[in-house]
Amino acid sequence: MATSLLSRALTTALRPPIRPSLLHQPSRTFLSTKENLLLSLTVLAFFSPIRANFVGETANCQGYFGPAVRFGRCNSSTAGYGLSVSGTSAIHSLATSDPVVSANWLNASLKEPDVKVLDASWYMPNEQRNPLQEYQVAHIPGALFFDVDGISDRKSDLPHMLPSEEAFSAAVSALGIYNKDGIIVYDGKGIFSAARVWWMFRAFGHDKVWVLNGGLPQWRASGYDVESSASSDAILKASAAREAIEKVYSGQPVGQSTFAAKLQPHLMWNLYQVKENINGQSHQHIDARSKPRFDGTAPEPRKGIKGGHVPNSKCIPFNQMLDSSQMLLPANELQKRFEEEGISLEQPVVTSCGTGVTACVLALGLHRLGKGDVAIYDGSWTEWGAHSDTPVSVSNA
């Protein structure tokens with residue numbers, strides 16, 4: 001009975017719309033009120049109603065989606081009924097409360113059309129590594145290259161500062177990314193610069209972004225393939241993103257935007273806010289640099305930058321967020337790290353580092369603990385340590 005009713009429901013749903021002129025024709029067969037009720041109950045038993053954009057050219061559509069089939073009706077003269085085999089997109093099943101995904105999940109989701117993978121590798125200047133060259137040698141299949149230094153504020157002398165809304169929108173659009181897309185970011189170390197790009201997307205209002213846990217090393221350790229040469233399309237997109245940034249800052253027109261960025265001011269701090277926080281203490285300030293650099297006993301990697309730290313800040317080196325495989329620690333271990341340094345998860349937090357990269361690893365760890373509002377001091381120590389009038393504390397040892 002249920003199967004018969006379901007068949008009739010599908011037939012009715014797929015039937016072309018009835019023209020008003022046909023409603024009076026006696027040859028037309030209609031279901032009784034009782035049959036309609038039974039049909040409704042049968043359909044509800046097999047399908048979960050979800051409002052969605054559906055088939056058609058310019059239509060507002062509604063549909064019923066089940067585990068293997070979907071059908072829907074659109075309010076448009078150019079749109080009709082559609083029936084297709086479909087499953088729920090993998091990216092929509094991800095919770096934004098956990099900021100990382102596994103290599104296994106990504107491998108199973110690589111071919112999803114709304115999953116975009118970004119290689120956001122970046123290295124310290126003294127490492128003498130070229131991330132673009134390494135991307136061209138080996139990257140996750142289909143991944144695009146995100147230039148951390150290139151997609152930045154061209155009006156600032158500081159390294160890779162957050163660009164303007166317009167510039168970020170132009171660069172990301174040039175990469176072929178849309179607001180509807182889910183973004184998976186990885187880097188060549190494990191979890192390092194990928195966290196910076198994760199934060200950049202979130203700072204511009206895009207929450208559908210995750211970091212590949214363990215990065216490219218974990219991907220390869222899991223036995224998954226890499227592409228050994230970049231397609232011309234991928235290289236052109238990377239180049240187009242950099243050119244789009246340059247055009248925006250030089251006042252030239254750019255192409256049509258597919259991504260609209262909206263800055264979230266509470267996620268980014270400047271030097272003035274950090275100064276005010278020294279005495280105001282509205283936020284707990286955590287520094288992600290190594291303890292020797294924090295104490296001022298080790299030299300800074302950039303010339304002309306004094307050693308030490310912002311008064312009243314605390315030090316939790318970013319690598320304390322990671323295990324030996326450079327994967328994000330479980331929540332209970334992360335919580336222990338913060339509690340050991342006297343950080344309360346009930347109070348606001350701002351993080352900093354050398355140039356605003358590893359500060360984002362701390363934010364990643366705090367996000368796993370439910371703190372999604374962590375601010376990043378974008379200029380970080382490269383800005384603070386270069387100013388003659390900024391107060392500095394050093395170790396008493």
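It is worth spelling out the overall build of the protein chain at this point. Looking only at helices and strands, the protein chain features 13 helices and 14 strands. Across the 397 residues in the protein chain, those meeting the buried criterion constitute 44%. Carbon together with sulfur atoms contributes 51% to the accessible area of the protein chain, which is approximately 19600 Å² in total.

This part is about the sheet that holds strand β13 (residues 349-352). Spatially, five strands are ordered β10-β14-β13-β11-β12 in an open sheet, and the strand pairing comes out parallel. Pairing within the sheet leaves two strands with one partner each, and these edge strands are β10 (268-269) and β12 (314-315).

The next subject is the nonpolar core. Within the largest apolar cluster, 67 residues are counted, with the highest numbers of intra-cluster contacts made by Phe146, Ile151, Phe168, Trp199, Phe201 and Met321. Among the secondary structure elements, those contributing two or more residues to this core are β7 (144-145), α5 (165-174), β8 (182-186), α6 (193-203), β9 (209-212), α8 (232-249), α11 (331-340) and α12 (359-368). Element by element, the count of residues in this core is highest for α6, at eight residues. In this structure, Phe168 is in contact with Phe146, Ile151, Pro163, Met200, Phe201, Phe204, Ile245, Phe259 and Ala261, ignoring residues within four places of it in sequence. Counting 16 residues, the second largest nonpolar core, distinct from the first, contains Ala90, Ala103, Tyr186 and Leu216.

Moving on, we come to empty space enclosed by the protein. Summed over the entire model, instances satisfying the criterion amount to one cavity of 30 Å³ or more. The space that makes up the largest cavity amounts to roughly 30 Å³.

Below, the discussion takes up the sheet that holds strand β6 (residues 115-119). By definition, the strands of a sheet pair up through backbone hydrogen bonds, in either a parallel or an antiparallel sense. Taken in spatial order, the five strands line up as β5-β9-β8-β6-β7 in an open sheet, and their pairing is parallel. Lying at the two open borders of the sheet, with one neighbouring strand each, are β5 (100-101) and β7. Strand direction decides the pairing type here: β6 and β7, joined by two bridges, are parallel. Counted as the bridge partner of Leu118 is Leu144 from β7.

So, about the side chain of His285. As for its placement among the helices and strands, His285 is situated in strand β11 (residues 284-287). By relative accessible area, His285 is classed as buried at 6%. Among all residues touching His285, those that are not within four sequence positions of it are Val274, Asn277, Val310, Ser313, Lys314, Val350 and Ser352.

Looking now at the environment of Pro330. Tracing the sequence through the fold places Pro330 in the loop between β12 and α11. As a C-alpha pair, Pro330 and Gly365 span 35 residues in sequence and 9.0 Å in three-dimensional space.

To continue, consider the environment of Thr355. Following the sequence through the fold, Thr355 ends up in the loop between β13 and α12. Taking C-alpha positions, Thr355 is 7.7 Å from His160, a pair spaced 195 residues apart along the chain. Not counting the four nearest positions on each side in its chain, Thr355 is found in contact with Trp122, Pro159, His160, Arg196, Arg302, Asp378, Ser380 and Thr382. At 2.8 Å, the side chain of Thr355 forms a polar contact with the side chain of His160.

A few words on the confidence of the model for the protein chain. Summarising the model, the protein chain shows a mean pLDDT of 83, and 77% of its residues fall at 70 or more. Every residue in residues 1-87 scores below 50 in pLDDT, and together they form 104 contacts with partners more than four places removed in sequence or on other chains.

So, on to the pairing of β8. Extensive coverage of β8 is indicated by the burial of five of its five residues. Strand direction decides the pairing type here: β6 and β8, joined by five bridges, are parallel. Looking at β8, one finds that Val117 is bridged to Ile184. Alignment of β8 against β9, held across three bridges, turns out to be parallel. Of the residues in β9, the one forming a bridge with Ile184 is Trp210.

Conventions we followed
Residues numbered from 1 in each chain as written. Predicted model: local features only at pLDDT ≥ 70, side-chain atom pairs only at ≥ 80, totals over all residues. Heavy atoms only, no water. Helix = DSSP H or I, 4+ residues; strand = E, 2+ residues; numbered from the N terminus. Buried < 20%, exposed > 50% of the residue type's maximum accessible area, 1.4 Å probe, protein only. Areas by Shrake-Rupley, 256 points an atom, 1.4 Å probe, with all protein chains shown as cover. Pairing = 2+ DSSP bridges. Core = buried A, V, L, I, M, F, W, Y, C linked by side-chain atoms within 4.5 Å. Contact = heavy atoms within 4.5 Å. 1 Å grid on protein atoms, 1.4 Å probe; cavity = no way out; pocket = protein on both sides within 12 Å on 5 of 7 lines; lining within 4 Å. Points joined across faces, edges and corners; volume = space filled by probe spheres on them. Polar contact = N/O pair within 3.5 Å; in protein donor to acceptor, adjacent residues only side chain to side chain. pLDDT = per-residue confidence, 0-100.

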